[in-house]
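Report on the structure
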Amino acid sequence: MQNKTIAELSQSLQQGEFSSEELTRAYLDRIDKLDAQVNSYITVTADGALAAARAADEQRQAGQAGPLTGIPLAQKDIFCTEGVKTSCGSKMLDNFISPYDATVISKFKQAGAVMLGKTNMDEFAMGSSNETSFYGAVKNPWDLDAVPGGSSGGSAAVVAARLAPAATGTDTGGSIRQPAALCGITGLKPTYGRVSRYGMIAFASSLDQAGPMARTAEDCALMMNVMAGFDEKDSTSVDQAVPDYTTSLNDSIAGLKIGLPKEYFSEGLDNDVATAIEVAIAEYKKLGAEVVEISLPNTGLSVPAYYVVAPAECSSNLSRFDGVRFGHRCENPKDLTDLYKRSRGEGFGAEVKRRIMIGTYALSAGYYDAYYLKAQKVRQLISQDFKRAFEQVDVIIGPATPTVAFNLGEKTDDPVTMYLSDAYTIATNLAGLPGMSVPAGFVGKRPVGLQIIGNYFDEARLLNVAHQYQQTTDWHAQAPEAFK
Amino acid sequence: MQWEVVIGLEIHAQLATKSKIFSGASTAYGAAPNTQACAVDLGLPGVLPVLNKEAVRMAVKFGLANDCEITRRSVFARKNYFYPDLPKGYQISQFELPIVAKGHLEIELEDGSSKTVGITRAHLEEDAGKSLHEDFHGMTGIDLNRAGTPLLEIVSEPDMRSAKEAVAYMKKIHSLVQYLEICDGNMQEGSFRCDANVSVRLKGDEEFGTRTELKNINSFRFVERAINFEVERQIDVIEGGGAVVQETRLYDPDKGETRAMRSKEEAFDYRYFPDPDLLPVEIDDDYIESVRITLPELPNAKQQRFVTEYGIKPEDAATLTSSRVLADYYEATVKASEDAKLAANWVIGELLGALNKDGRELSDSPILPEMLGGIIIRIKDNTISGKIAKQVFTAMWEGEGDADSIIEAKGLKQVTDSGAIEKIIDEVLANNPKQIADYKAGKEKMLGFFVGQVMKASQGKANPGQVNQLLKQKLQE
């Protein structure tokens, strides 16, 4: 049961092989038995899940089931969930029960999906290894000595360990694609504005985007059919029609023009990862795609620009966590300054503090032009790189990460090396483009992710390109030994 | 030494939208604390602002009324600072690209001259909540009902040269925003408040002196007092050999003084940057025209029209157009009475006098225009004299009914029956033989004495014209 995809589960439920309640119970049992090894859930909502499953079963009996009715899902703990703890991986929000649902959450509820629980994540989505979580590091199901990636590390681990058929993630600089790559699952970061950000706790508002993390591109398409769309509560969401992402999955990709950015295959890329990616590219050629080398000349500027823009926005976004209205408040504050200093000092972890300080500095009088404004200009340059590339090619393909999963603790003392693990994913966030990571082999026990980047609102094509690859490969279908 | 005062004002006008600038919560004043603050106003994790289009329309209306440039692409920015009544830790405001740019406005001075004051900009922003320092035993209460209320911050050029000019400017804006129906102008509830930037320099100097900013002055009287106090203080400092320090000062209305709040060095670095949660506000010509056609007649145009259309004095027209409600009241009175001049006299003389005496606003006047018009009609048709009409007005003010019922109930109807008047005249003449002799000896002004006596004997009800005429006849007999 746990190896079935959403598409397969949906069929089984429809054919009455098992009920949603049985399916949900099976997943809750697995979580109970196995999650201690990976630490992928912060909160498991067993009662709510079973109630939702029973309601879904009734809906199905009434003949009103949709593709996601009764399907158990895990939600990243960055999404506000009414009546359920929403911690964002932080001590700051350890006591926060959200009074409302994020738009993504209410859409899944409406679609009849069952929430199993809330997944672990880097604190406030700041991290690339899921080691900054207040709830402890998540371990990579493929190798428990390795990190799962971050910030959606819990969601990636949940899917890889078969502790949920699929999960949601959010991606500010690679936080869906990098953990998807490191955990050998399929993840999509949609175009900025495609999925509502309402109720998704903001890290860097101009970069954050929610997306699906699942085992297959087809499952991502099914989830996107629910998640995507304009939301009047999010001014930055785009009012553009949402296609049925499943209808084009089986389109032929013969004649597809694939660009390989030479900057993604240069120094810093692990040889074994490079080899796996080359094998994948050969597969695409077999499927009839044309492959050309392209250049994204400003790629090297993306990490530095990102580490100005994202901290600048986060320094402001996280000001609301002040101990006044919700979240952690220090004991017996002497006065207002003491309340602020201790509540924030105690509530935030080291990485969050580091980024708030970097961002505060970058926005300060006298530095704004040199940092924030310059970074915005770099963003323009990076967008132009992609614009030129997409005049030439349909999609861009390369590695999702420079290396496979690194060891737990390996990079925690070296933030810059840690930041560079997002070197290939960050540029798409700066440009607002959609990107995917698809399983494409292993180096030892550890999975390799293939990145596919598309033009604005071209998610259907990305999913098609990924799905076609998954029809001729089985990397995505493999399960880690301990979680089979 | 001759000092010149330089003043610029920053006026905060609360826009009269039904809901807040970035949320759907109500903006109504006076609700129980925190009952009008939704998830967005509370700054809960994950919430996002959505711009209220009505606030944009109101800002554009203000800009068009003052010949301001309307910025085609204005941008919301975050002003970052920590304060308990600022839920998000930043205020959404506009910084580099405000929605309304340069414009100007005419103000009238006490000596009858007028002056142009430049408007630097006007930008949209959200208000903060309120910190309540009483009743919490060493703690502070936070009421976020006001958080997210739309404000238009109107920044003037440093064009004013006295506290009186500053007040004239503030009054003009106060009247204008009400004319435009974009602000209720209620200063007690804080819907209209101002900060003043004040400096002094030697007359003839080109450079401005160092300025101080006086915060949150919420009445016309306080603006004048605060500025005058501050001007004296700055002159004393300079003449005493010191230098004015650039700082923010708070006006204390109880002590009538300003005192230092924070210096330039302590000033916050607000770390402004464009708010990534909101798109830039794009405004095109069609939109501007659609707002322009909704502009009401503005005070200066209305004043002109009152002079030409109603034939009233310019200064009366100025008084009557000082607020839109008063101008509307006057025009309704004209309509009810069909006499523009009498209507002007009664509105300015009696009505404003009575309101002023009772400290009431026109909106709670017990006398409506139709009722005042009713009095004027009865003056015109000789039912009552002007003097009796004042009695009717007083009774009406006390809530005793409309003109006709008061006249009826109090028996104030003017006596026009010649026989009845003659009878009174005869009595008066019979009681004053000496005065008749004087009159006949050539003291013609004794006529006034007789008129007065007759009016008195008739309790003011005799028609004064008839009394005059009949008296003259009788005295010649």
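The residue numbers shown here count from 1 along each chain, following its written sequence. Chain letters start at A and ligand numbers start at 1, both assigned in the order the entries are written. Restriction of local features to residues with pLDDT of at least 70 applies here, the model being predicted, together with a cutoff of 80 or more for giving and counting side-chain atom pairs; totals for whole chains, interfaces and linings are based on all residues. Side-chain descriptors were evaluated using all non-hydrogen atoms of the structure, hydrogens and water having been removed beforehand.

**Side note on the overall build of chain B**
Formally: Helix and strand labels come from DSSP, where a helix needs a run of H or I of at least four residues and a strand needs a run of E of at least two; each type is numbered from the N terminus. Computation of the radius of gyration draws on C-alpha atoms alone. For the globule rule, the value is 2.2 Å times the number of residues to the power 0.38. Working definition: with a 1.4 Å probe on protein chains only, accessible area under 20% of the residue-type maximum means buried, over 50% means exposed, and in between means partly exposed. Residue contacts follow a heavy-atom distance rule, with two residues in contact if any of their heavy atoms lie within 4.5 Å. Reported accessibility uses the Shrake-Rupley method at a 1.4 Å probe radius. Residues are deemed covered only where the shown protein chains occlude them. Positive charge is attributed to Lys and Arg, negative charge to Asp and Glu, and no charge count is given to His or to the chain ends. By convention, the charge on Lys lies at NZ, on Arg at CZ, on Asp at CG and on Glu at CD.
What chain B contains, in helices and strands, is 16 helices and 15 strands. For chain B, the C-alpha radius of gyration of 30 Å lies well beyond 23 Å, the compact-globule estimate for 477 residues. Considered along the principal axes of its C-alpha atoms, chain B spans approximately 95 × 55 × 55 Å. Within chain B, buried positions represent 51% of all 477 residues. Taking the contacts inside chain B whose residues are at least 6 apart along the sequence as the reference set, 68% of them involve residues at least 24 apart. For chain B, the exposed surface amounts to about 22700 Å²; the carbon and sulfur share of it is 49%. Averaging the positions of the 57 positive and the 75 negative side-chain charges in chain B gives two centres separated by 4 Å.

**Side note on the overall build of chain A**
Looking only at helices and strands, chain A features 15 helices and eleven strands. The C-alpha atoms of chain A give a radius of gyration of 21 Å, which matches the 23 Å a tight globule of 484 residues would have. Taking the principal axes of its C-alpha atoms as reference, chain A extends roughly 65 × 55 × 45 Å. Looking at the 484 residues of chain A, the share that counts as buried comes to 65%. Here the analysis covers contacts within chain A between residues at least 6 apart in sequence; of these, 76% occur between residues at least 24 apart. Approximately 16500 Å² of chain A is accessible, and the part contributed by carbon and sulfur atoms is 50%. When the 44 positive and 56 negative side-chain charges of chain A are each reduced to one mean point, those points stand 4 Å apart.

**Concerning the interface of chain A and chain B**
Applied cut-off: Values labelled buried area give the accessible surface lost by two parts on being combined, using a 1.4 Å probe and summing over both. Every case where a carboxyl oxygen of Asp or Glu lies within 4 Å of a side-chain nitrogen of Lys or Arg is listed as a salt bridge. Polar contact is defined as a pair of N or O atoms within 3.5 Å, subject to the rule that within protein one atom must be able to donate a hydrogen and the other to accept it, and that residues adjacent in sequence are counted only when both atoms are side-chain atoms.
At the junction of the two partners, chain A supplies 39 residues and chain B supplies 29 residues. A buried area of about 2700 Å², summed over both sides, lies between chain A and chain B, and 58% of it is on carbon and sulfur atoms. It is A:S235, A:R320 and A:R325 that lose the most area in chain A upon contact with chain B, and together they represent 23% of the buried surface on that side. Across the contact surface, chain A and chain B share one salt bridge. One salt bridge connects B:D277 with A:R197, and the closest N-O pair in it is separated by 3.0 Å. Between the two partners, chain A and chain B, sit 17 residue pairs in polar contact (both at pLDDT 80 or more).

**Focus: the side chain of B:T212**
All names here are of chain B. Along the chain, T212 turns up in strand β11 (residues 212-217). A polar contact of 3.0 Å, which involves the side chain of T212, links it to the side chain of Q234. Ignoring anything within four residues of it in the chain, the contact list for T212 reads A196, N197, V198, E230, R233, Q234, V244, V245, E247 and R249.

**Let's talk about helix α15 (residues 446-457) of chain B**
All names here are of chain B. Threshold: In this analysis, the expected span of each helix is defined as 1.5 Å times one less than the number of residues it contains.
A rise of 1.5 Å per residue sets the reference length of α15, with its twelve residues, at 16 Å; its end C-alpha atoms lie 17 Å apart and thus fit the reference within 8%. When we look at burial in α15, the residues that qualify are M446, L447, F450, V451, V454 and M455. Contacts from the buried residues of α15 go to α13 (418-431), α14 (433-440) and α16 (464-476). In the segment just after α15, Q459 is the residue with positive phi, at about 60°.

**Some details on the environment of A:S133**
Residue and element names in this part refer to chain A. Structurally, S133 can be placed in the loop between β3 (114-119) and α5 (153-160). Linking S133 and I6, residues 127 residues apart in sequence, is a C-alpha distance of 28 Å. Within the local environment of S133, its side chain forms a polar contact with the backbone nitrogen of Y135, the two atoms lying 2.9 Å apart.

**A short note on the sheet that holds strand β3 (residues 76-80) of chain B**
All names here are of chain B. Our working definition: Pairing between strands is defined by DSSP: at least two bridges between the two strands are required.
Reading across from one edge, β4-β3-β14 is the order of the three strands in this open sheet, with antiparallel pairing throughout. At either end of the open sheet lies a strand with only one pairing partner, and these are β4 (90-94) and β14 (273-274). Pairing geometry for β3 and β14, over two bridges, is antiparallel. The partner of A77 across the bridge, within β14, is P274.

**Some thoughts on the domain arrangement of chain A**
How big an interface is tends to be stated in terms of the accessible area lost upon association of its parts. All names here are of chain A. Put simply, the test is: Reported domain spans reflect what an automatic or database domain assignment gives.
Examined at the domain level, chain A breaks down into domain 1 (6-256 + 392-414 + 422-483) and domain 2 (300-378). Residue-level contacts link 25 residues of domain 1 with 24 residues of domain 2. Between domain 1 and domain 2, a total of about 2000 Å² is buried, with carbon and sulfur atoms accounting for 68% of that surface. Of all residues in domain 1, the largest losses of buried area upon contact with domain 2 belong to M92, M126 and F203, amounting jointly to 32% of the total for that side.

**Concerning the confidence of the model for chain B**
Convention followed: Per-residue confidence from the predictor is reported as pLDDT, a score between 0 and 100.
Scored by pLDDT, chain B has a mean of 92; 100% of the residues are at 70 or more. Complex prediction metrics read pTM 0.90 and ipTM 0.96.

**Thoughts on the environment of A:Y372**
Relative to the assigned elements, A:Y372 resides in helix α12 (residues 369-392). A:Y372 sits 145 residues away from A:M227 along the chain, and the two C-alpha atoms are 32 Å apart. A:Y372 has contacts with A:V308, A:A312, A:E313, A:A362, A:L363, A:Y367, B:F273 and B:P274, leaving out every residue within four places of it along the chain.

**Remarks on the nonpolar core**
Using the following cut-off: Put simply, a nonpolar core is a bunch of buried Ala, Val, Leu, Ile, Met, Phe, Trp, Tyr and Cys residues held in one set by side-chain atoms that sit within 4.5 Å of each other.
The biggest cluster of nonpolar side chains holds 151 residues, and the ones touching the most others in it are A:F124, A:Y284, A:F386 and A:I452. Each of domain 1 (6-256 + 392-414 + 422-483) and domain 2 (300-378) of chain A accounts for three or more of the residues forming this core. Sequence-distant contacts of A:Y284, defined by excluding residues within four places in its chain, comprise A:I253, A:I258, A:A289, A:I397, A:L450, A:I452, A:V465, A:A466 and A:Y469. In this structure, B:I11, B:A59, B:L64 and B:M170 belong to the second largest nonpolar core, which totals 66 residues.

**A short note on the side chain of A:H467**
Residue and element names in this part refer to chain A. Within the element layout of this structure, H467 appears in helix α15 (residues 459-472). For H467, a relative accessible area of 7% gives the class buried. Polar contacts involving the side chain of H467 include one to the side chain of N250, which spans 3.1 Å. Leaving out residues up to four positions away in the same chain, H467 has contacts with A217, E218, L249 and N250.

**A word on the pairing of strand β5 (residues 186-189) of chain A**
Residues and elements named next belong to chain A. Residues T186 and L188 of β5 are buried on one face, and the alternating residues G187 and K189, pointing to the opposite face, are buried as well. As paired strands, β5 and strand β6 (residues 209-214) are joined by two bridges and run antiparallel to one another. Bridge pairing in β6 places G187 opposite M213. In terms of strand pairing, β5 meets strand β10 (residues 435-443) through three bridges, oriented antiparallel. Residue pairing in the sheet places L188 in a bridge with M436 of β10.

**Some details on the sheet that holds β11(B)**
Strand pairing in a sheet relies on backbone hydrogen bonds. The paired strands run either parallel or antiparallel. Residues and elements named next belong to chain B. To be explicit about the condition: Angles run from 0 to 180 degrees between N-to-C directions of axes, and those axes are lines fitted to C-alpha atoms, restricted for helices to the stretch in contact.
With mixed pairing, the eight strands of this open sheet are ordered in space as β5-β6-β9-β1-β10-β11-β12-β13. The open sheet terminates on both sides in strands that have one partner only, identified here as β5 (103-108) and β13 (257-263). Recorded for the sheet is a direction-independent mean angle of 30° between the axes of neighbouring strands. As judged from the seven bridges shared by strand β6 (residues 114-126) and strand β9 (residues 150-156), these two strands associate in the antiparallel manner. Looking at β9, one finds that E126 is bridged to P150. Its contacts with the sheet put helix α2 (residues 53-65) on β6 and β9, and the angle it makes with β6 is roughly 170°.

**Notes on a nonpolar patch on the surface**
The criterion, for reference: Each patch is built from residues that are more than 30% exposed by relative accessible area and take part in no salt bridge. Like charges join if they lie within 9 Å; nonpolar side chains (Val, Leu, Ile, Met, Phe, Trp, Tyr) join within 5 Å.
A surface patch of nonpolar side chains, amounting to about 290 Å² of accessible area, comprises A:Y361, A:Y367 and A:Y371. In this fold, A:Y361 is placed in helix α11 (residues 350-363).

**Things to note about unusual backbone geometry**
Note the cis peptide between A:G150 and A:S151, where omega equals 10°. If you trace the backbone, A:S151 turns up in the loop between β3 and α5. In the Ramachandran plot, A:F124 falls in the positive-phi region, its phi being about 50° despite a non-glycine side chain. Judged by relative accessible area, which is 1%, A:F124 ranks as buried. Notably, B:Q459 is not glycine yet its phi reads approximately 60°, a positive angle. Within the secondary structure layout, B:Q459 lies in the loop between α15 and α16. Residue B:Q459 is classed as exposed on the basis of its relative accessible area of 59%.

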